[in-house]
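Below, each chain spelled out in residue letters.
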Amino acid sequence: MEDFPQAIASQTEANYFSPDRILRERETLFSRVDWSDYKSHLRNRVKSQDLNRYFALTDSEKYGLENSVRLNVGTTPYYLSLSDPKDPNCPIRKMIVPQAEESVFSAEESLDPLHEEDLSPVRGLTHMYPDRVLLFSNHECSVYCRHCMRGRKVSSSDERMDVGDLEACFEYIQSHSEISDVVISGGDPLNLSDSKIDWILENLERIPHVKICRIGTRNLVTLPMRITPQLCEILEARNQERLSIFCNTQFNHEKECTDEAKLAILRLLKSGVSVGNQCVILKGINDDGESMLRLHRRLLEMRIRAYYMYDPEVIPGSRGFRTPLAKGLEIIEYMRGKIGGMGIPQFVNDLPGGGGKVTLGPNWYLGFHRETRTHVFKSAVHGTFHLSPEPIGSEYDSKYPELNSELWESIHKKAYSVSRGISLVSEED
Ligand code: SF4
């Protein structure tokens, strides 16, 4: 890798604005936009080098902007307004502005770590699981998230899906009667026009074995005004007996949970489309239990159920975002007991090489004590030990991992069971 501070020093500082000028530039931009009109936000998107008008860029950001090996750079004025122009640690800013690490394509990284292209029988469609396919309807987004796992194709004009490509995808789905669930992703499908979205849904609705359609969109986060009454009318009309439509989105930080986002979610819910959240653990943005807890509390207030929490993918330039696997386990352990179950996401790792998703969690099941046929658990809330008998007559004893006898000796006398419950007052009282 080139020495990034030296490269920056060679650039003229005149390209970069003073903090006061940046605030004025922001005011000018925001006053130019019709805030409730999503098309106005898209027309006024801030792209690439123009970011230096709206942020006091650090050397690392300047270098990242010049030398990113990833997707294009761009943001809506709305999402920009959630960011801090002065604080390089602002979580929203980190999702908008590339850092120097993004310029390094490391040996362990891959453009397509999940092998989505190898599992693509027709252009723009991935068939990994027997009953489900992933349809890439388009490759444009309102904001190009720096952590995007599809940076290999998102924002690239070479990847454009025309009508013929989409028709070939529909034909493939039609000819595979085992497919009942179609995930429409991209890019962001809600960056397509209303009429194109309606046309895609109409085509899926016509295929008798397709029962479920999931729309993956980040516009709820980055351009919530895209959820117009007209779009909701289309979704409601297609979300009927024949086809059930769901929406999966990606809020990563509580700062993204705004009144505008809540209005968009309520509109979707009124059209019968339920909304789930798939966040990504991102270094320095949300990689601790308290940040994730606060995010998921706000999501429940906005009526979004937690769905997945992804371990970041091993994509080019991802070193700045990736976290140790243990972080995800720590986060789930922290959240359990502090928020209702529908606010706790499943921690998933999408296996490199196309193995599909696996869920991971802290181990609250300690094992099976064979002599007494007892399962031993550790409470996520109290840290206490709890015993539960295997049913009499069960033939599954050999399936369970055996509890270490030393551990059994040390805990079984103080453990709780159906006949000995935890008191509401502590034992010292
Ligand atoms: S909106 Fe989704 S597809 Fe688009 S850049 Fe962000 S993460 Fe990638």
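Just so we're clear, the structure is a prediction, and the values are computed from it rather than from any experiment.

Peer 1: Provide a residue-level description of the pairing of strand E13 (residues 374–378), including the pertinent values.
Peer 2: With four bridges connecting them, strand E12 (residues 365–369) and E13 associate as antiparallel partners. Following the sheet pairing, His369 is matched in E13 by Thr374. The antiparallel pairing of E12 with E13 creates a hairpin that spans four residues between the two strands, and Arg373 there sits at a positive phi of about 55°. Here E13 runs beside strand E14 (residues 385–389); their pairing, made up of five bridges, is antiparallel. Along E14, the bridge assignment pairs Lys378 with Phe385. Linking E13 back to E14 in an antiparallel pair, the connection comprises six residues, with Gly383 at a positive phi of about 75°.

Peer 1: Quick rundown of the sheet that holds E13? Include the residues and the values.
Peer 2: An order of E12-E13-E14 is seen for the three strands of this open sheet, with the pairing classed as antiparallel. What marks the edges here is a single partner per strand, and that holds for E12 and E14. For this sheet, the mean inter-axis angle between neighbouring strands, taken without regard to orientation, is 25°.

Peer 1: Tell me about the environment of Ile22, residues and numbers included.
Peer 2: Along the chain, the position of Ile22 falls in helix H2 (residues 19–32). C-beta crowding within 10 Å serves as the criterion here: with 19 such atoms nearby, Ile22 is assigned to the partly exposed category. Sequence spacing of Ile22 and Arg160 is 138 residues, and the spatial spacing of their C-alpha atoms is 35 Å. With near-sequence residues (within four places) excluded, Ile22 lies in contact with Phe17, Arg53, Tyr54, Phe55, Ala56 and Pro85.

Peer 1: I'd like a rundown of the nonpolar core, residues and numbers included.
Peer 2: Core analysis: the biggest nonpolar cluster contains 79 residues, and Leu135, Tyr144, Val182 and Ile265 have the highest contact counts within it. Both domain 1 (16–103) and domain 2 (125–359) contribute no fewer than three residues apiece to this core. Excluding its chain neighbours within four sequence positions, the residues that come into contact with Tyr144 are Leu71, Asn72, Val73, Gly74, Val154 and Ser155.

Peer 1: Could you give an account of the packing of helix H8 (residues 194–205) against helix H10 (residues 229–238), with specific residues and numbers?
Peer 2: Relative to each other, H8 and H10 sit at 5°, their axes nearing to 10 Å. Relative to H10, the element H8 lies roughly parallel. Where H8 abuts H10, its residues Asp194, Ile197, Asp198, Leu201 and Glu205 lie against Gln230, Leu231, Ile234 and Arg238. Tallied by class, residues from the contact of H8 with H10 come to four nonpolar, one polar and four charged.

Peer 1: Describe the site of the ligand, and please don't skip the residues or the numbers.
Peer 2: Near the ligand you find Cys141, Tyr144, Cys145, Cys148, Arg150, Val154, Gly186, Gly187, Asp188 and Arg218, and these make up its full shell. Counted by class, the shell around the ligand contains five nonpolar, two polar and three charged residues.

Peer 1: Describe H10, listing the residues and the values that go with them.
Peer 2: Among the residues of H10, those classed as buried are Leu231, Leu235 and Arg238. Buried positions in H10, seen along its axis, are confined to an arc of 70° and lie on one side of it. Away from its buried face by more than 90 degrees, H10 exposes Pro229 and Gln230.

Peer 1: Before we move on, could you go through the domain arrangement of the protein and cite the residues and values that matter?
Peer 2: The domains assigned to the protein are domain 1 (16–103), domain 2 (125–359) and domain 3 (365–412). For domain 1 and domain 3, the distance between their C-alpha centroids amounts to 54 Å.

Peer 1: Can you break down the UniProt feature "domain: Radical SAM core" (unreviewed entry) in the protein residue by residue, with the values?
Peer 2: Look at the UniProt record and you will see "domain: Radical SAM core" (unreviewed entry) annotated at residues 127–345. Secondary structure content for residues 127–345 is 34% helix and 16% strand, while the C-alpha to C-alpha distance between its ends is 25 Å.

Peer 1: Any details on the pairing of strand E4 (residues 132–136)? Residues and values, ideally.
Peer 2: The buried fraction of E4 is high, at four of five residues. In terms of strand pairing, strand E3 (residues 125–126) meets E4 through two bridges, oriented antiparallel. Bridging across to E4, Thr126 finds its partner in Leu134. Between E3 and E4, which pair antiparallel and follow one another directly, the connecting turn spans five residues. Both E4 and strand E5 (residues 181–185) contribute to a ladder of five bridges, which runs parallel. Counted as the bridge partner of Arg132 is Asp181 from E5. Regarding topology, helix H7 (residues 163–174) serves as the crossover connection from E4 to the parallel E5, and that connection is right-handed.

Basis of the calculations
- Residues numbered from 1 in each chain as written.
- Predicted model: local features only at pLDDT ≥ 70, side-chain atom pairs only at ≥ 80, totals over all residues.
- Pairing = 2+ DSSP bridges.
- Helix = DSSP H or I, 4+ residues; strand = E, 2+ residues; numbered from the N terminus.
- Axes fitted to C-alpha atoms, helices over the stretch in contact; angles between N-to-C directions.
- Buried ≥ 20, exposed ≤ 12 C-beta atoms within 10 Å, placed from the backbone.
- Contact = placed C-beta atoms within 7 Å.
- Core = buried A, V, L, I, M, F, W, Y, C linked by C-beta atoms within 7 Å.
- Domains from an automatic or database assignment.
- Parallel < 35°, antiparallel > 145°, perpendicular 65-115°, else oblique.
- Nonpolar A, V, L, I, M, F, W, Y, C, P; charged D, E, K, R; others polar.
- Near = placed C-beta within 6 Å.
- Arc of directions from axis to C-beta.
- UniProt positions renumbered as here; feature names shortened; annotations may be inferred.
- Right-handed = clockwise from strand over helix to strand, strands pointing away.

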